Amino acid sequence: MAELNATPPNLPLAPNEYERQYQDQLNNVLRLFFRQLSNPGDMGGSTLNLNLDTLPTEADFADLRLGDVYRDTQDGIQDGSQMLRIKTST
């Protein structure tokens, strides 16, 4: 999962003529930004909305990746609700 809350950086202003220092600074700023985008990190939140009709079930377990959420339609039925589980092993 990428860091979705990464703020785009303020890019340095270009000089009128080519300067190596400017190019190096620009490359460093962009490298840090792209690293933030591709770095899985902690995500915070107070709510999570899921459409239970579109979530896979334990019948799809073999096709799920580690960390995917699925509905346990066999074990988790208690007064009409179903347990959500996370695939942690193959």
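Residues numbered from 1 in each chain as written. Predicted model: local features only at pLDDT ≥ 70, side-chain atom pairs only at ≥ 80, totals over all residues. Heavy atoms only, no water.

Novice: Can you tell me about the pattern of salt bridges, naming the residues and giving the values?
Specialist: Taken as a whole and judged by the stated rule, the model has three salt bridges. The closest approach of N and O atoms between R65 and D68, which form a salt bridge, is 3.3 Å. A salt bridge links D72 to R85, with the shortest nitrogen-to-oxygen separation between them at 2.7 Å. Of this pair, D72 sits in strand β1 (residues 69-72) while R85 sits in strand β2 (residues 83-86), placing them 13 residues apart in sequence. Its relative accessible area of 7% is what places D72 among the buried residues. (Salt bridge = Lys/Arg side-chain N within 4 Å of Asp/Glu carboxyl O. Helix = DSSP H or I, 4+ residues; strand = E, 2+ residues; numbered from the N terminus. Buried < 20%, exposed > 50% of the residue type's maximum accessible area, 1.4 Å probe, protein only.)

Novice: Explain helix α1 (residues 20-38) to me, using residue names and the numbers behind them.
Specialist: With 19 residues, α1 should reach 27 Å at 1.5 Å per residue; the first-to-last C-alpha distance of 27 Å fits that figure. Listed as buried for α1 are Y22, L26, V29 and F33. Seen from one end, α1 has its buried residues packed into an arc of 65 degrees, which puts them on one side. Those residues of α1 that are exposed and angled more than 90 degrees off the buried face are R20, Q21, L32 and S38. (Expected span 1.5 Å × (residues − 1). Arc of directions from axis to C-beta.)

Novice: So what's going on with a nonpolar patch on the surface? Residues and values would help.
Specialist: A surface patch of nonpolar side chains, about 530 Å² in accessible area, is lined by L48, L50, L52, V69, L84 and I86. Looking at the element boundaries, L48 is found in the loop between α1 and β1. (Patch = residues over 30% accessible without salt bridge, like charges linked within 9 Å, V, L, I, M, F, W, Y side chains within 5 Å. Areas by Shrake-Rupley, 256 points an atom, 1.4 Å probe, with all protein chains shown as cover.)

Novice: Describe the packing of aromatic side chains, naming the residues involved and giving the relevant values.
Specialist: For the structure shown, the criterion picks out two aromatic pairs. Ring geometry for F33 versus F34: centroids 5.9 Å apart, planes at 50 degrees, classification tilted. Here F33 falls in the buried class, since its relative accessible area comes to 15%. Where F61 meets Y70, the ring centres are 5.6 Å apart and the plane angle is 80 degrees; that geometry is what we call edge-to-face. (Phe/Tyr/Trp six-rings, centres within 6.5 Å; stacked < 30°, edge-to-face > 60°.)

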